[in-house]
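Fold and geometry: a report
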Amino acid sequence: MRFKTNKFLLILIFFQYTLFGQTGNVTISGIIQDKGTKLALPYVSVILKTENDSAFITGTVSNDEGMYSFSNIKEGNYLLSISYTGYKTKTSNVLIGHLSEFLDLGISEIEEDTKILSEVEINAKQDEINSKMDKKSFSVADNVSQSGGSVLQTMQNLPGVTVQDGKVQLRGSDKIIVLIDGKQTALTGMGSQSGLDNIPASAIEKIEIINNPSSKYDANGNAGIINIVYKKNKQEGFNGKAGLSVGLGALWIKKENLPNIRPQSQYTPKINPSLSLNYKKKKVNIFFQGDYLYNKTLNKNEFVTRTYSDGTIINQQTKRNRTTTVGTAKTGFDWNINEQNSFTLSGLFSSELILDRGDQPFYNYNLTERLRLWKFLEDELKTTATANAGFEHKFKQAGHKFNIGLNYTFHREDEKYYFENILPSYTGLDSFKLISDEHVADFNFDYVKPLKYGRVEGGLKFRRRVIPTNMKFIPGLNSPLDTNAGGWARYEETIPAVYGNYVIENKKLEIEAGLRIEYVDLQYKVNPNHNTYKSNGYNYTQPFPNLRLAYKLNDKNKLSVFYNRRVDRPNEVDIRIFPKYDDAEIIKIGNPALRPQFTNTIELAYKYSYKKGYFYSALYHKQSEGTISRIGSTDSSKLIYSIMQNAGRSYNSGIEMVYSHEVVKWFSFNINANAYHNQIDAFSVTNLYPKENLFNADKQEIYSGNIKINGLFKFQKNFTLQVTSIYLAPDLIPQGTIDQRYSLDIGIKKMIQKGKGELFVNATDLLNTMKVKKTIQGSGFNYISTDYYETQVIRFGYTFKF
């Protein structure tokens, strides 16, 4: 692997987000034996005390098998005292770190006549923002300025996260895998992200961001992993939470329509009732989470000026008024069979109906002549059902366990488009229908064994994924649809994988090393009558290593170095052979010849913690081979075809920085900055659709970044005020750039009814300043687009715990 280290940005302003940081504790265990007989000793007194002043922390006695354990022990230095009638007391030094949730002290031998003083060093791990520096956790409930919105809207306020074209980006890349409760589902995309704007934030407990995943996770997604954790209470008895939020968007028009089209949606309503229920009695915990989302929005309002090499200029607008209704229910139960065994069964069902009513007028250069009006109605129903079963066995040693999981996902896209193609001389009525059924089955086995100084873990996973699709074009008069590009296709994916991970720690050094090996067989079968594409596919066996080295300078300062290799496999929609006509003259289509993108990443992270806040910085560099990108080209018809291609080598280098500080008890703030350099080397590719043509691109590069400032005010009478300001610098996109963007969000929350009730009001993009301007340079054309879509939303809400 060759890394261009001279491309690293040498900026060192940094900070970390703590509003939603979480902490955790460690369980330690061991066995006590007689040194002479090697027999286990029951009822031995075991006491844990602080090392500096011998203050009592906790105590217990060993069981019939000589085993003992302590739970909820915080990181630090301790003394372990073992005493038993007729035996000499044994005292050991114990270091509790943070690399394992469970620590095995092993066998402690005591004898009757000899005093033994030995030192035992132990390490522990806790997946938290302040320790490993590879994962950040954020409570959705604390994000006041986005309460009542979607998961996508919540994410745009998180550190290191940006949202562009409806997709989440981490450090300037959208190559992200989104999990729900640690598992991939079609609800959020199996190979890429989708549907995040239609998951109510009210259903979510927390969001985890993992920039450097270990070998335990699938190798897909070079930018990292986002794990969405649904709410699930485990309090004894019956309890729950009910809520309702309402809102209005598009309060005023950012830019007027071009002449003679239907009006933009305005004062768009949003309604989101939610209900969470939980019942726990003894060994059984039953849970339910239900949400309904009704959302009208001005989903797109893009103005485009296209200029061709022959001097032709076309002005167009794409206006899309969208109505979305989503119903989601998640339910299941946890059964603690006994102290060693537990079983979980859960299911999720989601039905999402999208109705888009759009207008797309096309005018000449000075808007004096309308060339065409393309009116459309999209009627799309997405249905998702998942079933998950999990079994966990815990061995007698604390933390020693294995898990077996079975997961099945079904996802259907039933999509219908109806077009009215109005030209000066005639009007044509066209339509198409698409059915796509996705079936995914996963089996996984995971094993964890605590060690005296860390842990080992390993496992395997098997996935089978099948997606049959069928596209039917129904042409009208002088139809512009490519009716010979329809028919059936079938996507088949088989992935077996094995992994192993080893963790070790002492007082100064931490090491975590892992390896995942994946075999992938992907076949894409195309109906033989397709006018361009033929059946294609690929297979490979590849290693995906990960390494983390950390050095603890002292209790407040720590350095970590990360390395990992990951892959971005093309998703089914990236290779789908059917042209998409939601834009009449900028047509998107997939590419069955698309191949995976492989990425190597190195990162250097530093953390300094103090009583009222902390500093954090991560310097990173990524190099990708076979970069997946969209390529636009044109022909004599003036239509632009946007086709997925492998663009060659690309680089992403930068620094992520966070500073968080509590100024006084009632005011704290955090600042998150991310500065990076993106580069795509020059490349040449051959596009096959609609006819073969060669595309050449020069090297593209840009320095970009973003900054977020978050202020939290805690007033008397349980009032909380949050203000969030976001600035996104110009950035690189395929064949062009995107201009700067900025917004201001504000939210107020008040606790009532003795803490059981909560009222909130918030405003997203309060000043209505967010717009998206892009400049694209293609082969034989260029265009400038500005999207004035709906971003300003005001919401009110109430929740009640019972």
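Residues numbered from 1 in each chain as written. Predicted model: local features only at pLDDT ≥ 70, side-chain atom pairs only at ≥ 80, totals over all residues. Heavy atoms only, no water.

1. Observations concerning the side chain of aspartate 291
Here aspartate 291 shows up in strand 17 (residues 284-308). Buried and without a salt bridge, aspartate 291 has lysine 231 as its closest oppositely charged side chain, separated by 7.1 Å. Among the polar contacts made by the side chain of aspartate 291, one reaches the side chain of glutamine 289 at a distance of 2.9 Å. Among residues more than four places away in sequence, those in contact with aspartate 291 are Pro200, Ser202, Ala203, Asn272, Pro273, Ser274, Val326, Gly327 and Thr328. (Helix = DSSP H or I, 4+ residues; strand = E, 2+ residues; numbered from the N terminus. Buried < 20%, exposed > 50% of the residue type's maximum accessible area, 1.4 Å probe, protein only. Lys, Arg positive; Asp, Glu negative; His and termini not counted. Salt bridge = Lys/Arg side-chain N within 4 Å of Asp/Glu carboxyl O. Polar contact = N/O pair within 3.5 Å; in protein donor to acceptor, adjacent residues only side chain to side chain. Contact = heavy atoms within 4.5 Å.)

2. Considerations on the sheet that holds strand 1 (residues 26-34)
If you walk across this open sheet you meet the three strands as 4-1-7, and the pairing is mixed. Of all strands in the sheet, those with a lone pairing partner are strand 4 (67-73) and strand 7 (102-110), marking the two edges. Neighbouring strand axes in the sheet, compared pairwise and without regard to direction, differ in orientation by 20 degrees on average. (Pairing = 2+ DSSP bridges. Axes fitted to C-alpha atoms, helices over the stretch in contact; angles between N-to-C directions.)

3. Considering the pairing of strand 37 (residues 700-715)
Bridge count between strand 34 (residues 667-680) and strand 37: 14 bridges; the pairing is antiparallel. By the bridge assignment, alanine 675 is partnered in strand 37 with glycine 705. As consecutive antiparallel partners, strand 37 and strand 38 (residues 719-728) are separated by three residues, and within that stretch lysine 717 has a phi angle of approximately 60 degrees, a positive value.

4. Let's talk about the environment of lysine 90
As for its placement among the helices and strands, lysine 90 is situated in strand 6 (residues 90-96). With a relative accessible area of 11%, lysine 90 lands in the buried category. On a C-alpha basis, the gap between lysine 90 and leucine 152 in space is 55 Å, while along the polypeptide they are 62 residues apart. Here the side chain of lysine 90 touches glutamate 109 through a polar contact of 3.4 Å, landing on its backbone oxygen.

5. A closer look at the sheet that holds strand 32 (residues 640-646)
Pairing between the strands of a sheet comes from backbone hydrogen bonds, and it takes one of two forms, parallel or antiparallel. In space, the three strands of this open sheet follow the order 28-32-31, with mixed pairing throughout. Taken across any chain shown, the strands that pair with only one partner, and hence form the sheet edges, are strand 28 (586-589) and strand 31 (628-634). Within this sheet the neighbouring strands show an average axis-to-axis angle of 30 degrees, counted without direction. Sheet topology places strand 31 next to strand 32; seven bridges connect them, and they run antiparallel. Within the sheet, the bridge partner assigned to arginine 630 lies in strand 32 and is methionine 644.

6. Side note on unusual backbone geometry
The omega angle of the peptide bond from tyrosine 689 to proline 690 is -5 degrees, so this bond is cis rather than trans. Looking at the element boundaries, proline 690 is found in the loop between strand 35 (683-687) and strand 36 (693-697). You will see that glutamine 735, though not glycine, has its phi angle at about 65 degrees, which is positive. Mapping glutamine 735 onto the fold places it in the loop between strand 39 (731-733) and strand 40 (736-738). We classify glutamine 735 as buried; its relative accessible area is 10%. Positive phi is not limited to glycine here, since glutamine 753 has a value of about 55 degrees. Its place among the elements puts glutamine 753 in the loop between strand 41 (741-752) and strand 42 (757-764). The class of glutamine 753 is partly exposed, set by a relative accessible area of 42%.

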